[in-house]
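Next come the chains, spelled out residue by residue.
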Amino acid sequence: MAAEATTYKITVKEGKSRWTLIVDNETTALDVKTILSQQLTLSPDYIKLVVKGKTPRDEAVLSKAYVVDGARPLVMMMMRTAEYHEDKTALDAIQDVAQEVSQLEREHMGLAAPTPKDMLALEEMLTRCTLKLDDVETNGKANLRFVRKAQVKRIHSISAKAKQREVDRKASGPSTDGGEGDGEE
């Protein structure tokens, strides 16, 4: 019986992409949209779910609205809303900055012992990325502000990690060869 299972699988499809979620019996359509939005760095308002040809209301408890037996996953299609397509240019600009930030983070974290010059370069590039985000017009749309703000927070987080790494490097003392380094471990 559907009521006996405490968790069940949901498979969400969008084009060739697939997500498998393990959810409980009280999971709503909005909960699924929120989980997907976090993985895609999108506002849940940009996501439309379709189950068995119908769009469930956000507050609909999926296990009650659709027969869920626990043995087979509930299959849903995910679509982007019309609002998403209207905002696509701005979202693409934000995504371009997100990719640039990811590259900067990989490069910086790949350095065994970043020098003060490396730190300055990273801070400069992160500041430029923030300025690019500032140039993205949101036209007062909460969804765009949400996505842009998430990227700004990510930039601040990377900057804080890099600064902490520098503090830790300085605290470990100079290396035994007398040059700049992160000390012996």
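See above for the structure.
Residues numbered from 1 in each chain as written. Predicted model: local features only at pLDDT ≥ 70, side-chain atom pairs only at ≥ 80, totals over all residues. Heavy atoms only, no water.

1. A word on unusual backbone geometry
(1) Moving on: A positive phi angle, close to 50°, is found at Lys52, a residue other than glycine.
(2) Moving on: Summarising the element assignment, Lys52 is placed in the loop between strand 3 (47-50) and helix 2 (62-65).
(3) Moving on: Residues other than glycine seldom take positive phi values, yet Asn139 does so here, at roughly 50°.
(4) Moving on: Relative to the assigned elements, Asn139 resides in the loop between helix 5 (116-134) and helix 6 (142-171).
(5) Moving on: Of the residues examined, Asn139 reaches a relative accessible area of 62% and is grouped as exposed. (Helix = DSSP H or I, 4+ residues; strand = E, 2+ residues; numbered from the N terminus. Buried < 20%, exposed > 50% of the residue type's maximum accessible area, 1.4 Å probe, protein only.)

2. Observations regarding the layout of surface pockets
(1) Moving on: A volume near 170 Å³ is recorded for the largest pocket.
(2) Moving on: Residue lining of the largest pocket: Leu40, Thr41, Leu42, Arg80, Tyr84, Leu91, Asp92, Ile94, Gln95, Val147 and Gln151, and that is the complete set.
(3) Moving on: Contributions of two or more residues to the lining of the largest pocket are made by helix 4 (88-109) and helix 6.
(4) Moving on: Sort the elements by how many residues they give to the lining of the largest pocket and helix 4 lands first, with four residues.
(5) Moving on: A class-by-class count of the residues in the lining of the largest pocket yields six nonpolar, three polar and two charged. (1 Å grid on protein atoms, 1.4 Å probe; cavity = no way out; pocket = protein on both sides within 12 Å on 5 of 7 lines; lining within 4 Å. Points joined across faces, edges and corners; volume = space filled by probe spheres on them. Nonpolar A, V, L, I, M, F, W, Y, C, P; charged D, E, K, R; others polar.)

3. Some words on the side chain of Asn143
(1) Moving on: Positionally, Asn143 belongs in helix 6.
(2) Moving on: Given the relative accessible area of 5%, Asn143 is considered buried.
(3) Moving on: Filtering out sequence-adjacent residues up to four positions away, Asn143 remains in contact with Ser43, Asp45, Tyr46 and Glu83. (Contact = heavy atoms within 4.5 Å.)

4. What to know about the packing of helix 4 against helix 5
(1) Moving on: Direction vectors running N to C along helix 4 and helix 5 enclose 170°, while the axes themselves pass 10 Å from each other. With respect to each other, helix 4 and helix 5 are oriented roughly antiparallel. Across the interface between the two elements, Ile94, Val97, Glu100, Val101, Leu104 and His108 of helix 4 pack against Met119, Leu122, Met125, Leu126, Cys129, Lys132 and Leu133 of helix 5.
(2) Moving on: Its residues placed into classes, the contact of helix 4 with helix 5 shows ten nonpolar, one polar and two charged. (Axes fitted to C-alpha atoms, helices over the stretch in contact; angles between N-to-C directions. Parallel < 35°, antiparallel > 145°, perpendicular 65-115°, else oblique.)

5. Some thoughts on the packing of aromatic side chains
(1) Moving on: Tallying each qualifying case throughout the model produces one aromatic pair.
(2) Moving on: Judged by centre distance (5.7 Å) and plane angle (80°), the rings of Tyr46 and Tyr84 are edge-to-face. In this pair, Tyr46 sits in the loop between helix 1 (29-40) and strand 3 while Tyr84 sits in helix 3 (residues 82-86), placing the two residues 38 residues apart along the sequence. Summarising the burial analysis for this pair, Tyr46 and Tyr84 share the class buried.
(3) Moving on: Above the ring of Tyr84, the side-chain terminus of Arg80 is found at 4.9 Å from the ring centroid. (Phe/Tyr/Trp six-rings, centres within 6.5 Å; stacked < 30°, edge-to-face > 60°. Lys NZ or Arg CZ within 6 Å of the ring centre and 35° of its normal.)

6. What to know about helix 4
(1) Moving on: Over its 22 residues, helix 4 runs 31 Å from end to end, which matches the ideal 32 Å to within 8%, given 1.5 Å per residue.
(2) Moving on: Next to the buried residues of helix 4 lie helix 3, helix 5 and helix 6. (Expected span 1.5 Å × (residues − 1).)

7. Examining the environment of Val75
(1) Moving on: Topologically, Val75 is positioned in strand 4 (residues 74-80).
(2) Moving on: Not counting residues within four places of it along the chain, the set of residues in contact with Val75 comprises Thr11, Lys13 and Val51.

8. Here we look at the environment of Pro116
(1) Moving on: Tracing the chain through its elements places Pro116 in helix 5.
(2) Moving on: When its relative accessible area of 32% is taken as the criterion, Pro116 is described as partly exposed.
(3) Moving on: With 50 residues separating them along the chain, Pro116 and Glu166 place their C-alpha atoms 8.1 Å apart.

9. Let's talk about the sheet that holds strand 1 (residues 7-14)
(1) Moving on: Taken in spatial order, the four strands line up as 2-1-4-3 in an open sheet, and their pairing is mixed. On the outer flanks of this sheet lie strand 2 (17-24) and strand 3, each paired with one strand and no other. Ignoring which end each strand starts from, the neighbouring axes of this sheet average 30° apart.
(2) Moving on: As paired strands, strand 1 and strand 2 are joined by eight bridges and run antiparallel to one another. Across the sheet, residue Val12 finds its bridge partner in strand 2, namely Trp19.
(3) Moving on: Docked against the sheet, helix 1 engages strand 1, strand 2, strand 3 and strand 4, running at close to 130° with respect to strand 3. (Pairing = 2+ DSSP bridges.)

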